[in-house]
Amino acid sequence: MKRKLFAFSMTMALLLSMLSVAGVGAHTIAIEDNVTVPSGRTEWFGLQPDVAGTGAVQRNSAQFGEYVFNDASKDQRLITGSLEITRAGDLDWFSVTADANKVYFLAKVDKYAGITQSPAINLIITIDNKAGGNAVLPVAATNPVSDVNVPSDALWEYAINAQFKPGNSSSNGRVPANKLFVYDSANPSGKSCTSCAGQLVSAAISAGSFVELSMPWAAFNAGGNPLKPTTANDKLRFVVALTYNNQAIPIDGFNSPVIDVIGTNKNTLADIGDGTIDTSFDVHFNPNVPVGGAASFEPYSPLQITEFQANPPGKDTPGSASSVDSEWIEIYNPNSFAVALTDYKIGNAAARGSSSQGMFKFKSGSLASKGLLIVARSKADFLKSHPGYAGTLLDLNADLTKYSAWATGDLDLDNIGGLAVEEQVVLLDGKDSIVDMVTYGSPTAPTPGNVPIRLLDVPEGATYERCPATLDTNGGFVNKTNNPSSNTDFVPHSTLAEQTPGTACVGRTGLDESIAKTGPTVATVGTDVVFELTYSNIGISDELPGAQTTITDTLPAEMTFQSASFQDAPLVPTSVSGQNVVFKVTPPPAGGQAFTIVLTATIAPSAPENTALTNRAVISSPNEPKDTVTQSNNQSEWTVTTLGPALLDVSLAGLTAAPPGQQFAFSINYVNNGQSVAEGTAISLQIPANITLLSVDSSSATPSFGLPVSGPTTVTFTGDQLDALEGGSITIIGRVAVATPAKTVLPFQTTLSSTTAGVASDTANGSLTADFLRMYMPFVRK
């Protein structure tokens, strides 16, 4: 189990007008008409948080933002019985992003089985952007149904009802009959939005079933109440539900067509049983206008963790006589407007319900534009180390209150002592979404979507500072293949003299150019792939006049360069030599303003399928310092895996020896190593004579037999579809018959198969030896 700890402190300080939220390229989402596009989410990067019932803001290395809510798995209404609807839709997770023109939504409907048959599904999204509004979920029922309300603090002014009709084997849910309705004060019964776009990509597409929507901000402007955020209104409140399109009412105890909701409750029927959905969540969109740029409206964190000092146990425990005592955390407001602190929380618990970590809530107050504050575990101990500190200083226990609804423990930022663990500092907004999370340590498996500050040990009195303060890329990456190996947003301060509590970092010392390469994670051989090379100077110094910055993109052998563009205009490379594409560009100015080159390459038709193709982008400038810290962000790799058929792999583990009459345990491990879905999976197991299966533990496959069962026989487990790179495990306990002769070899065989045409089965063999336990006693000759 990972430890997720952090001590806290924050101080409010100066207004730093020179710091502004960096401008970036627009995170624009296209609704793909071509249903062969993998999963319909090629421009999305966010990962669901690793704990169900949790939402989080995620930012990638190009400074794009997404909000992702991980719904509880298998919490939908499971309808069974010959006279009832047998298909169910499970809202796995829900994402939101935006640009200056549109807001985009993506819902993963896990393994939905009714895409090409009736009933199809509706995705309903309500949006609250001011006080008042409507309470009832707009299901537009054709049959009388029970009202289902949104929470009282999420009364909506706008709602979206994405009505998908049954598809067929070629359309996969994207058919002309699909309609996107917008509900508002001018259209209480809904109006079809002709400027909106959406699709339902079925489970025949890699990685599952997806609903993807593109909605212009201009479509939401009823009664002079525009939905698009402003500096005075920088968040929107959402409620999300899934219904059957024909409003069919399952007979399971509640009269409503709602089959799943996004929420913290792990059972949808229990959630809506009182007539009200329990969960709503806020998304903060960035309305700040950077110098020389335009507001991005990307989802972002309105407050940020910008510096922290951990508490190595046994070194600087609060209350000791150490002059460098006191763990603390600095919080910064990067906005051009003040942010109210009420309902924000700070702690070291990354998951709701933690008993060993802590979460603390601000009582009141606000943080001014470009302001900072410190929350210290102990005010007195903090001032021992910083006796001249004059900024806002809050005591964790005296000035904040314990937020037991999230975590009941205390807040300690522990040292990690060389262990392969991860510690975290977590900032929650008013609806308990994780808006900022910083991790440090050396975990073997980092929290999904979060890149740790890599270190084996926290020195006494050391702090880690986000630099520049507006840089926020700690989280939100497509997969582990394309995750950076370490977080480079934070710089270490190893001595008290280097620490800067109450002062935001304007930028790295000198010239510090950075590059990030992003693109699709999968692609078909013989097709074009589009990459973005986003670069900036996060230092405080400009490159010398007359110098040029060089960007070199090295494509893999299976790709060839096609074209490039910059700010929507064609860009001709300085040179193209084999796989190396070189651009000479004007050096980006100090301050972090981002620029993006769009590069298109073609994967050769002869490229192998199911193969990872990695390319690298490197940035260099003549006068940038050549030390390892400055150049740690000068290169970026991106991996695209070529699509191919499902590749099934099954194995047996744990079969060695067991005495006659005794129990033994073994497992069947299976996986789809390909990039396409394997439908209708089944795992068969041949059991030899003299073996009885006593118990089975499997959450990913269903046994089609009763227990106990004795060999010789063959038993079968029925599995769901296996998405690309998805697998499972079955643990089995058996017993060797008492009369089995010693040294008997008992052979097992397992086969993983799929109903998908062209997918080959895979078989694994193993054996158990019936052998008594023997004790060998030494003897001594006299």
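Anything mentioned here points back to the structure above.
Undergrad: Could you clarify how one ought to interpret the overall build of the protein chain in this entry?
TA: Helix and strand counts for the protein chain come out as three helices and 50 strands. Sorting the 782 residues of the protein chain into buried and exposed places 57% on the buried side. Of the roughly 29,700 Å² that the protein chain leaves accessible, carbon and sulfur atoms contribute 54%.

Undergrad: Is there a simple way to explain the packing of aromatic side chains in this structure?
TA: Two descriptors summarise a pair of aromatic rings, namely the distance from one centre to the other and the angle between the planes of the rings. Evaluation of the coordinates by the stated rule reveals 19 aromatic pairs. Relative to F220, the ring of Y158 lies with its centre 5.5 Å away and its plane at 90°, an arrangement referred to as edge-to-face. One end of the pair, Y158, is in strand β7 (residues 158-163); the other, F220, is in the loop between β11 (209-216) and β12 (235-244), with 62 residues separating them in the sequence. With respect to burial, Y158 and F220 carry one shared label: buried. Following the ring pairs from residue to residue traces out a cluster consisting of Y67, F69, F94, F105, F238 and F281. Over the ring of Y403 we find K345; its NZ or CZ atom is 4.7 Å from the centre of that ring.

Undergrad: What is the right way to read the side chain of Q499 from this model?
TA: Following the sequence through the fold, Q499 ends up in the loop between β28 (490-493) and β29 (513-518). Accessibility expressed as a relative area gives 7% for Q499, which makes it buried. At 3.0 Å, the side chain of Q499 forms a polar contact with the side chain of H386. Ignoring sequence-local partners within four residues, the contact set of Q499 consists of E307, Q309, W328, H386, G461, A462, T463 and H493.

Undergrad: Please explain the state of the cysteines as it appears in this structure.
TA: Note on terminology: disulfide describes a covalent bond linking the sulfur atoms of two cysteines. Evaluation of the coordinates by the stated rule reveals two disulfides. Between the sulfur atoms of C193 and its disulfide partner C196 the distance amounts to 2.0 Å. Handedness of the C193-C196 disulfide follows from its S-S torsion of about 70°: it is right-handed. The same class applies to C193 as to C196, namely buried. Covalent S-S linkage joins C467 and C505, the inter-sulfur distance amounting to 1.9 Å. In this pair, C467 is assigned in the loop between β27 (463-466) and β28 and C505 in the loop between β28 and β29, connecting sequence segments 38 residues apart.

Undergrad: So what exactly am I meant to see when it comes to the sheet that holds strand β41 (residues 657-658) here?
TA: The strands making up a sheet associate through hydrogen bonds between their backbones, and the pairing can be parallel or antiparallel. The sheet built from six strands is open, its strands ordered β41-β50-β49-β43-β47-β45 with mixed pairing. The sheet is open, and its two borders are formed by β41 and β45 (701-703), each paired with just one other strand. Where β45 and strand β47 (residues 713-719) come together, three bridges link them in antiparallel fashion. Following the sheet pairing, T702 is matched in β47 by T718.

Calculation notes
Residues numbered from 1 in each chain as written. Predicted model: local features only at pLDDT ≥ 70, side-chain atom pairs only at ≥ 80, totals over all residues. Heavy atoms only, no water. Helix = DSSP H or I, 4+ residues; strand = E, 2+ residues; numbered from the N terminus. Buried < 20%, exposed > 50% of the residue type's maximum accessible area, 1.4 Å probe, protein only. Areas by Shrake-Rupley, 256 points an atom, 1.4 Å probe, with all protein chains shown as cover. Phe/Tyr/Trp six-rings, centres within 6.5 Å; stacked < 30°, edge-to-face > 60°. Lys NZ or Arg CZ within 6 Å of the ring centre and 35° of its normal. Polar contact = N/O pair within 3.5 Å; in protein donor to acceptor, adjacent residues only side chain to side chain. Contact = heavy atoms within 4.5 Å. Disulfide = S-S within 2.5 Å. Pairing = 2+ DSSP bridges.

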